[in-house]
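# Report on the structure
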Amino acid sequence: MSEVLVLVDHVDGAVRRTTAELLTLARRLGEPSAVFVGSGADAAQGSLRSYGAEKIYVLDAPELRDYLVVPKVEALAALMDASSPAAVLLVSGGEGKEIAGRLAIRTGSGLITDAVDVRVGDAGPVTTQSVFAGSVTVTAEVTHGVPVISVKPNSVTPEPMDGAAVVEPVSVSVSDLAKTARIVERRPRESTGRPELTEAAIVVAGGRGTGGDFGPVEAFADALGAAVGASRAAVDSGWYPHAYQVGQTGKTVSPQLYVATGISGAIQHRAGMQTSKTIVAVNKDPEAPIFDLVDFGVVGDLHSVLAEATQQVNARKG
Amino acid sequence: MRIAVCVKYVPDASGHRTFGPDDTVDRVGVDGMLSELDEYAVEEALRIRDDLGGEVVIVTTGPEQARAAILKSLQMGADAGVHVLDDAIHGSDAVGTSYVLARALERQGADLVICGMASTDGSMGVVPAMLAERLRLPQVTLASEVTVDGSTVRIRRDGDAATEVVEARLPLLLSVTDQCNEPRYPSFKAIMAAKKKPVEVLTLADLGITADEVGLDSAWTRVVSHQERPPRSAGTIVTDDDGDGARQLVDFLAGQKFI
Ligand SMILES: Cc1cc2nc3c(=O)[nH]c(=O)nc-3n(C[C@H](O)[C@H](O)[C@H](O)COP(=O)(O)OP(=O)(O)OC[C@H]3O[C@@H](n4cnc5c(N)ncnc54)[C@H](O)[C@@H]3O)c2cc1C
Ligand SMILES: Nc1ncnc2c1ncn2[C@@H]1O[C@H](COP(=O)(O)O)[C@@H](O)[C@H]1O
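Heads up: these notes are all about the structure in this document. Bear in mind that the values here come from a model prediction, so they are computed numbers and not experimental data.

## Considering the site of ligand 2
Residue and element names in this part refer to chain B. Contacts to ligand 2 come from 19 residues, most closely from Cys6, Val7, Asp38, Ser119 and Gly125. One of the side-chain N or O atoms of Asp38 is found 2.4 Å from an oxygen atom in ligand 2. Gly116 is positioned with one of its backbone polar atoms (N or O) 3.0 Å from an oxygen atom of ligand 2. Across the complex, the protein chains shield 96% of the 480 Å² of accessible surface that ligand 2 would expose by itself. At the level of secondary structure, the elements contributing two or more residues to the shell around ligand 2 comprise strand E4 (55-61), helix H3 (94-106), strand E6 (112-116) and helix H4 (127-135). Residue contributions to the shell around ligand 2 peak at three residues, all from E4. Of the residues that constitute the shell around ligand 2, the class distribution is 10 nonpolar, seven polar and two charged.

Right under this line is the structure:
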């Protein structure tokens, strides 16, 4: 069976759930090889093993951290050359897609981005994508080179399965071209103690209707163990940081449950949450377009509804 | 400073966007416009030009109608346009599109190439990285803030796990997010002036590209099928008039095992 390269998404060795999802998909296509770039590989090994990584390629050198995107592209290209994989899987985020794009050009490979499912077809992987704000589903395949596929977070439920997890250190060489865009400063995002927005099973989001007070939104999120999201109107008003914006120009989320409060449901917002499994909204305007999407909606003032609902959830949890 | 801005003509997101019979996005039969996210790229180019002097040239590839995207950019204040127009380009994927754009950009001798963060129809967000790869230019992408200091460009990039400051020297390729600036509305005077600005139309032959290198048949990916998703079935909507909305909401969540 051929290898399937999976670029590990991690922060200093803390492996993100998205990587477990990719490893689960990779097992359908061949033998998953995790490609770990950066420091902390020891810490990552256990979790990579438990989702079926047969090999772990470890690349660790300062240059990989100091320059944008290209060193990772070169590392993956070299591994593709050496291992002739059946496919390369990456997480669909800003950086993942840029790596995928350059890798496709460099290795003469077809690229599919934002897949929500990957299956085995007659001629290699067949992907499913959800386009036009979720209104159309497309299946596609790569017809040239090694399929390079970026997969949206929360597209598949990770299934544990032990792999051999043989560690193979890989020597790193970084070209002059890769050193042309240097990262001169890095400020890690402060942890909120809440689940990561793109990985969370539940997201509670607030919009302009919060009037600037995200307190009730956060309290309800905490009662449900949820991540907090925001509409662009709330972000543009300075009420919540941009890192939490959901939508076309923010994060794409696909949780089990998405709760939109004080959000009208503009097309650009929908683009980032429409594939959520269950959608709930609280909005005082019965005509708000968000109600077209919901499984359950409350027409009412979010402040009173959220405060009361938070209390009841906490009471029921005992 | 010579700045080239890549802009895309896209179907209007508020209209009914659809696929044509050959599984490609229908850019001809529906109303289209300059991709909103490319307005930020045009605006950034204009600001840099107005600061440092120079020229802004708009580059697009797309059908006849795509000229509208160039025109809008010229109305905003860009100086000239280049439209790569050739029937053989139809159906190109990002790989093919970036190839055509790269060839068109090579002729521009630009110090700075600026792209949007993603197109509002395909929304792949990969063309800028592909262009940087093809043109062997430093890639300084997804900028939420841009400063040009002599020949050094510095950006703020809000990544998934961290905010980074990235620095590179001209010539380079930049892409900007919607956090970068506030695109201007064209004034009446600017709209009139745009009519006189030059737009060069180029074919694949002009760029030394043969028809079999691009287009639907030579794309490296293939759409197997597309399906309109059935609209979500209508949900339950309750009114909180009697103050019972929260309880019903919590009942629903409990019923779905979210609590
Ligand atoms: C290029 C581009 C990119 C964009 N990208 C994004 C994006 O990524 N994400 C995004 O979200 N938007 C994006 N937008 C903006 C989008 O078009 C909308 O403007 C935005 O989503 C509106 O946010 P909102 O729903 O919070 O505000 P509004 O549309 O103003 O809606 C507020 C809602 O709150 C309700 N409300 C008010 N008070 C209360 C109350 N007390 N209780 C309950 N309900 C109340 C109102 O009835 C209303 O429905 C983008 C726009 C453009 C042009
Ligand atoms: N057909 C095109 N013509 C000109 N520029 C394009 C075209 N397609 C994409 N681009 C540029 O690449 C950016 C990202 O597009 P995409 O990768 O398609 O999401 C856009 O914001 C444009 O700047």
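On we go from here.
## Looking at the environment of Glu196 of chain A
Tracing the backbone shows Glu196 of chain A in the loop between strand E12 (182-188) and strand E13 (202-206). With residues up to four places along the chain from it excluded, the contact list for Glu196 of chain A reads Arg16, Arg189 and Ala227 of chain A together with Asp160 of chain B. A distance of 3.5 Å separates polar atoms of two side chains, one belonging to Glu196 of chain A and the other to Arg189 of chain A.

## What about the pattern of salt bridges?
Residue and element names in this part refer to chain B. Going through the model one piece at a time under the given rule, you end up with 39 salt bridges over all chains. The salt bridge involving Arg247 is made with Asp251; its shortest N-O contact spans 2.7 Å. Of the two residues, Arg247 and Asp251 both sit in helix H6 (residues 245-255), four residues apart, roughly one turn of that helix. Looking at Arg247, the relative accessible area reads 34%, which means it is partly exposed. Judged by relative accessible area, Asp251 falls into the partly exposed class, the value being 33%. A network of salt bridges, in which partner residues are shared, links Glu43, Arg47, Arg49, Asp50, Asp79 and Arg184.

## Side note on the interface of chain B and chain A
In this assembly, 77 residues from chain B lie in contact with 87 residues from chain A. Taken over both partners, the interface formed by chain B and chain A buries close to 6900 Å², and the fraction arising from carbon and sulfur atoms is 58%. Of all residues in chain B, the largest losses of buried area upon contact with chain A belong to Glu133, Trp220 and Arg232 of chain B, amounting jointly to 11% of the total for that side. Where chain B touches chain A, the interface holds seven salt bridges. Arg316 of chain A is paired through a salt bridge with Asp251 of chain B; the nearest N and O atoms lie 2.7 Å apart. Put simply, chain B and chain A have 29 residue pairs in polar contact (both at pLDDT 80 or more) between them.

## Some details on the side chain of Thr61 of chain B
All names here are of chain B. Position of Thr61 among the secondary structure elements: in strand E4. Here Val84 takes part through its backbone oxygen, which lies 3.3 Å from a polar atom of the side chain of Thr61. Residues in contact with Thr61, not counting those within four places in the same chain, are Val84, Ile89, Thr97, Val100 and Leu101.

Conventions and cut-offs
Residues numbered from 1 in each chain as written. Chains lettered and ligands numbered in written order. Predicted model: local features only at pLDDT ≥ 70, side-chain atom pairs only at ≥ 80, totals over all residues. Heavy atoms only, no water. Near = heavy atom within 4 Å. Polar contact = N/O pair within 3.5 Å; in protein donor to acceptor, adjacent residues only side chain to side chain. Areas by Shrake-Rupley, 256 points an atom, 1.4 Å probe, with all protein chains shown as cover. Helix = DSSP H or I, 4+ residues; strand = E, 2+ residues; numbered from the N terminus. Nonpolar A, V, L, I, M, F, W, Y, C, P; charged D, E, K, R; others polar. Contact = heavy atoms within 4.5 Å. Salt bridge = Lys/Arg side-chain N within 4 Å of Asp/Glu carboxyl O. Buried < 20%, exposed > 50% of the residue type's maximum accessible area, 1.4 Å probe, protein only. Buried area = accessible area lost by both parts, 1.4 Å probe.

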